[in-house]
Amino acid sequence: MRGPLRDPAHSVSRRAIALWLVEALIGFGFLVGGAALVAYWIGGSDWALVPGWLSDHAWLLPVAVAVVMLPFVIIEPLWRYAVHRWELSGDVVYARSGWLSREWVFVPVSRIQTVDKAQGWFERVLRLATVRIRTASHAGSSTIQGLDYEVAARLAEELARRAQELRDDAT
């Protein structure tokens, strides 16, 4: 009988919370802005399809969207930080990620074809990076976000070195 799946050993950088908060705030801005545009459109219409009470109180739409979504904007980065973890053992990269649903990925080092280190704008400002591990199978690939830049650089270099060694041993 097998026990529960253990957590990977390493968490991502605490600065990842700020990254995910900025990303959530941008999405929040688009949602509230879109709701404000719809409210402006409905509020200025005399359409027979739009009830009078709705056109008179259309300004409540962006307020309602903001009230409903704001807790998610605050909770999501903290939750993701609690869930996102990674580990490199001798021959497997083990990563767990997710926010609403969780994903556990085990990538055998021997199957790694490429390892990429990437930084978006916000990641660069926060000195974070993302490591993308690709295999021949999309299902076996993995992405580890929110790593300190130095940690990501060392991880990418170590993965590439180990994958090369294992490929050389197999030939």
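Residues numbered from 1 in each chain as written. Predicted model: local features only at pLDDT ≥ 70, side-chain atom pairs only at ≥ 80, totals over all residues. Heavy atoms only, no water.

(A) The nonpolar core, seen in detail. Within the largest apolar cluster, 27 residues are counted, with the highest numbers of intra-cluster contacts made by Val93, Ile112, Ile133, Ile144, Leu147, Leu155 and Leu159. Broken down by secondary-structure element, the contributors of at least two residues to this core are α1 (15–43), β2 (85–88), β3 (92–98), β4 (102–108), β5 (112–118), β6 (128–135), β7 (142–148) and α5 (149–170). Setting aside its immediate chain neighbours within four residues, Leu155 contacts Trp86, Leu88, Val131, Ile144 and Leu147. (Core = buried A, V, L, I, M, F, W, Y, C linked by side-chain atoms within 4.5 Å. Buried < 20%, exposed > 50% of the residue type's maximum accessible area, 1.4 Å probe, protein only. Helix = DSSP H or I, 4+ residues; strand = E, 2+ residues; numbered from the N terminus. Contact = heavy atoms within 4.5 Å.)

(B) Fine view of the sheet that holds β7. Spatially, the three strands line up as an open sheet ordered β5-β6-β7, and their pairing is antiparallel. Each of the sheet's edge strands pairs with one partner strand only, and the pair in question is β5 and β7. Taken over all neighbouring pairs, the strand axes of this sheet differ in orientation by 20° on average, direction set aside. When β5 meets β6, the two strands line up antiparallel, connected through six bridges. Note on β6: the bridge partner recorded for Asp116 is Arg132. (Pairing = 2+ DSSP bridges. Axes fitted to C-alpha atoms, helices over the stretch in contact; angles between N-to-C directions.)

(C) Region of the structure containing a nonpolar patch on the surface. Where nonpolar side chains cluster on the molecular surface, the patch consists of Leu70, Ile74, Ile75, Leu78 and Trp79 and spans about 480 Å² of accessible area. In this fold, Ile74 is placed in helix α3 (residues 60–83). (Patch = residues over 30% accessible without salt bridge, like charges linked within 9 Å, V, L, I, M, F, W, Y side chains within 5 Å. Areas by Shrake-Rupley, 256 points an atom, 1.4 Å probe, with all protein chains shown as cover. Salt bridge = Lys/Arg side-chain N within 4 Å of Asp/Glu carboxyl O.)

(D) The arrangement of the side chain of Arg96 in detail. Position of Arg96 relative to the elements: it lies in strand β3. Reaching out from Arg96, the side chain makes a polar contact with the side chain of Asp7 at a distance of 2.5 Å. With near-sequence residues (within four places) excluded, Arg96 lies in contact with Asp7, Pro8, Ala82, Val83, His84, Arg85, Arg102, Glu103 and Trp104. (Polar contact = N/O pair within 3.5 Å; in protein donor to acceptor, adjacent residues only side chain to side chain.)

(E) Molecular detail of the packing of aromatic side chains. Summed over all chains, the structure comprises one aromatic pair. With a centroid separation of 4.4 Å and an interplanar angle of 10°, the aromatic rings of Tyr94 and Phe106 are classed as stacked. Of this pair, Tyr94 sits in strand β3 while Phe106 sits in strand β4, and the two are twelve residues apart along the sequence. (Phe/Tyr/Trp six-rings, centres within 6.5 Å; stacked < 30°, edge-to-face > 60°.)

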